[in-house]
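Below are the chains, spelled out letter by letter.
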Amino acid sequence: VCGSPGGAIRGVLVARFGRSRNDRAPPDRANQTSFRASGQGEGMAVQRVAIAIHEGVQALDVAGPVDVFAETNGFVPAGDGYETVLVGAGCEPLRASNGMKISADLSFAEAQQKFDILLVAGGPALPDAAPDPELTQWLRGAPARAELYGSICTGAFALGHAGLLDGHKVTT
């Protein structure tokens, strides 16, 4: 086991037009939106978010979403919000494109459970690099493993290698 998912970073952001039911959420004065965790109902259960990482990942493509998810948890009631885990081929640290070491919370082999959201982080080499077989195989299970899946930036190339973009118009 790579680590304890319970100790993972938490969070996410969904914009809703109009006033927020959460008075702690500051309005976005630029376009009059308010931030809250869900556009439906009176609350939500904790949403599990998996972010797939890989050798050469863009550190910003990991840190940015994780920070957004973590910050959002400050604007939702306790017990609601997002639990974010990093998933990779193994538990040993890998090198991001900037040289930073990043470690997964779970390996692909361990991360077979359902997630509410599954994202794959991008990296500058993904458009031209050969597909990572372990990442590709794990991503092929995304439709069965997550209600919503997507990518951050060039992570779309990994989704494409897994066949998850076939028949869809996409951009990165």
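Residues numbered from 1 in each chain as written. Predicted model: local features only at pLDDT ≥ 70, side-chain atom pairs only at ≥ 80, totals over all residues. Heavy atoms only, no water.

Asks: Would you take a moment to explain the overall build of the chain for this structure?
Replies: Within the chain one finds four helices and ten strands. If you list the helices and strands of the chain from N to C, you get β-β-β-β-α-β-β-β-β-β-α-α-β-α. Across the 172 residues in the chain, those meeting the buried criterion constitute 44%. Within the chain, counting contacts between residues at least 6 apart in sequence, those at least 24 apart form 68% of the total. Of the roughly 9,200 Å² of accessible surface on the chain, 55% is carried by carbon and sulfur atoms. (Helix = DSSP H or I, 4+ residues; strand = E, 2+ residues; numbered from the N terminus. Buried < 20%, exposed > 50% of the residue type's maximum accessible area, 1.4 Å probe, protein only. Contact = heavy atoms within 4.5 Å. Areas by Shrake-Rupley, 256 points an atom, 1.4 Å probe, with all protein chains shown as cover.)

Asks: Can you walk me through the pairing of strand β5 (residues 82-88) in this structure?
Replies: Each regular strand displays side chains that alternate between the two surfaces of the sheet. Where burial is concerned, most of β5 is hidden: seven out of the seven residues are buried. Of the two faces of β5, the one holding Tyr82, Thr84, Leu86 and Gly88 and the one holding Glu83, Val85 and Val87 are both buried throughout. Pairing geometry for strand β4 (residues 47-52) and β5, over six bridges, is parallel. Bridged to Gln47 within β5 is Tyr82. Handedness of the crossover is the feature at issue here: the chain leaves β4, passes through helix α1 (residues 59-72), returns alongside β5, and the resulting connection is right-handed. Pairing geometry for β5 and strand β8 (residues 106-107), over two bridges, is parallel. Each bridged residue has a counterpart across the sheet, and for Gly88 the counterpart in β8 is Ser107. (Pairing = 2+ DSSP bridges. Right-handed = clockwise from strand over helix to strand, strands pointing away.)

Asks: Mind showing me how you'd approach the layout of surface pockets here?
Replies: To locate leftover empty space, one rolls a probe as large as a water molecule over the atoms. Of the voids in this model, the second largest pocket is the one considered here, and its volume is about 170 Å³. Listed by contribution, the elements that provide at least two residues to the lining of the second largest pocket are α2 (133-140) and α4 (155-161). Across the lining of the second largest pocket, the residue classes break down as eight nonpolar, five polar and two charged. (1 Å grid on protein atoms, 1.4 Å probe; cavity = no way out; pocket = protein on both sides within 12 Å on 5 of 7 lines; lining within 4 Å. Points joined across faces, edges and corners; volume = space filled by probe spheres on them. Nonpolar A, V, L, I, M, F, W, Y, C, P; charged D, E, K, R; others polar.)

Asks: I keep staring at the nonpolar core and nothing clicks. Help me out?
Replies: Ranked by size, the top nonpolar core spans 21 residues in total, and within it Val87, Phe115, Val120, Leu135, Trp138 and Leu139 carry the most contacts. Counting residues per element, the ones that place at least two in this core are β4, β5, β9 (115-120), α2 and α4. Beyond its immediate stretch of four places on either side in the chain, Trp138 contacts Ala50, Ala52, Val87, Phe108, Ala111, Gln112, Phe115, Leu118 and Arg145. Among the nonpolar cores identified, the runner-up in size contains 19 residues, and Val49, Ile53, Ala96 and Ile117 belong to it. (Core = buried A, V, L, I, M, F, W, Y, C linked by side-chain atoms within 4.5 Å.)

Asks: What's the story with the sheet that holds β8 in this structure? I'm lost.
Replies: Sheet strands associate in pairs through backbone hydrogen bonding, adopting either a parallel or an antiparallel arrangement. Read from one edge to the other, the open sheet built from five strands follows the order β8-β5-β4-β9-β10, with strand pairing classed as parallel. The open sheet has two free edges, formed respectively by β8 and β10 (146-151), since each of these has just one partner strand. Relative to the sheet, α2 contacts β4, β5 and β9, its axis offset from that of β9 by approximately 150°. (Axes fitted to C-alpha atoms, helices over the stretch in contact; angles between N-to-C directions.)

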